[in-house]
Amino acid sequence: MDGFIPQTSLFIGIIPALVVLYIGLKGYEGHYKDKLIYLTFIVGIIIGVASAAIELLTQDIGLLVYIALFPILEQLFKTIVLNMGRFQEKQETTVYGFSLGLGFGSVFTPVAIYFGNFHDLFSMTTAMIGSFGITLFHAATGILIGYGVYVNKLAKYLTFSILLHFVITIVIGVTNLLTIGYMQITLVLYGLLVFWYALKRVMPRILTESQRRKRTQKEIEIKSK
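If you're wondering where the values come from, they're calculated on a predicted model, not measured in any experiment.

*Asks:* I tried to follow helix H2 (residues 34-57) on my own but got confused; where do I start?
*Replies:* One turn of an α-helix holds 3.6 residues; hence residues three or four places apart share an orientation. For H2, built from 24 residues, the straight-helix expectation of 34 Å at 1.5 Å per residue is met to within 8% by its first-to-last C-alpha distance of 35 Å. Among all positions in H2, only Leu-36, Ile-37, Thr-40, Phe-41, Gly-44, Ile-45, Ile-47, Gly-48, Ser-51, Ala-52 and Glu-55 are buried.

*Asks:* Sorry, what's going on with a positive patch on the surface here?
*Replies:* On the surface, Lys-33, Lys-35, Arg-86 and Lys-90 cluster together to form a positively charged patch. Mapped onto the secondary structure, Lys-90 falls in the loop between helix H3 (63-82) and helix H4 (92-114). For Lys-90, a relative accessible area of 35% gives the class partly exposed.

*Asks:* For this particular structure, what's the right way to read a nonpolar patch on the surface?
*Replies:* On the surface, Ile-15, Val-19, Tyr-22 and Ile-23 cluster together into a nonpolar patch covering about 410 Å² of accessible area. Position of Ile-15 relative to the elements: it lies in helix H1 (residues 4-24).

*Asks:* What am I meant to see in the side chain of His-165 here?
*Replies:* As for its position among the elements, His-165 is in helix H6 (residues 154-178). Judged by its relative accessible area of 2%, His-165 is buried. A polar contact of 2.9 Å, which involves the side chain of His-165, links it to the side chain of Gln-75. With near-sequence residues (within four places) excluded, His-165 lies in contact with Pro-71, Glu-74, Gln-75, Phe-137 and His-138.

*Asks:* In this structure, what is going on with unusual backbone geometry? I would like to understand it.
*Replies:* Glycine aside, negative phi is the norm for most residues, and most peptide bonds take the trans geometry. The phi dihedral of Glu-89 is positive, around 55°, even though this residue is not glycine. If you trace the backbone, Glu-89 turns up in the loop between H3 and H4. On the accessibility criterion, Glu-89 (52% relative accessible area) is exposed. Unusually for a residue other than glycine, Asn-152 sits at a positive phi of about 60°. By the secondary structure assignment, Asn-152 is in the loop between helix H5 (121-150) and H6. Its relative accessible area of 59% is what places Asn-152 among the exposed residues.

*Asks:* How do you make sense of the packing of aromatic side chains when you look at a structure like this?
*Replies:* Any aromatic ring pair is given by two values, namely how distant the centres are and how the planes are angled relative to each other. Counted by the stated rule, this structure contains 6 aromatic pairs. On the basis of an interplanar angle of 50° and a centroid distance of 5.7 Å, the ring pair of Phe-87 and Tyr-96 is categorised as tilted. The two residues Phe-87 and Tyr-96 agree in class, both being buried. Taking 5.8 Å as the distance between ring centres and 65° as the angle between the ring planes, the aromatic pair formed by Tyr-147 and Tyr-150 counts as edge-to-face.

Scoring rules and cut-offs
Residues numbered from 1 in each chain as written. Predicted model: local features only at pLDDT ≥ 70, side-chain atom pairs only at ≥ 80, totals over all residues. Heavy atoms only, no water. Helix = DSSP H or I, 4+ residues; strand = E, 2+ residues; numbered from the N terminus. Expected span 1.5 Å × (residues − 1). Buried < 20%, exposed > 50% of the residue type's maximum accessible area, 1.4 Å probe, protein only. Patch = residues over 30% accessible without salt bridge, like charges linked within 9 Å, V, L, I, M, F, W, Y side chains within 5 Å. Areas by Shrake-Rupley, 256 points an atom, 1.4 Å probe, with all protein chains shown as cover. Salt bridge = Lys/Arg side-chain N within 4 Å of Asp/Glu carboxyl O. Lys, Arg positive; Asp, Glu negative; His and termini not counted. Charge placed at Lys NZ, Arg CZ, Asp CG, Glu CD. Polar contact = N/O pair within 3.5 Å; in protein donor to acceptor, adjacent residues only side chain to side chain. Contact = heavy atoms within 4.5 Å. Phe/Tyr/Trp six-rings, centres within 6.5 Å; stacked < 30°, edge-to-face > 60°.

If you want it as structure tokens, here you go:
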């Protein structure tokens, strides 16, 4: 099992996350710097490992505490990075939240799920499928938190992300407690739903607002002539 964890982190986590990142960034050229996209993805991996390590070391704290505490912990990890001075009130922070969240989920989810109470190949397979849904979920909450930092409404979007996260910990907690791994598949549907909302409804707002600013600037220039 120990030798299997790094492999799943690479093939089931990081590589699909990079594919999603590449696809998701289409149409946002000029709204981010390549260097910071890669950097935030790597930072996401680092804080994902740190978060997973904390959770694995404290896994005996009890189911209710796990469900209530870890959504706050994981979303705060992302918030600390995205709320740095260089990112505050900047449109591109929304995009960097996307890459940070993908990096976070790509490593954390396989490690966290595979250390659950799964005793057969079927349970492990469903956990692998579910882990992709959690990766998408972390990408979505990264977008939400990044957008919250940009529009100066961090408390609102952080709270929203934490509330959405409770569903994830409840499903994982129940599957670990009752050993019904097939429930992990529901995480794919949930992750896809939240990811679709963040990618298609929230992140495009920076394009709309950017176009609005350009039109306003042009109007100002015309009036000043």
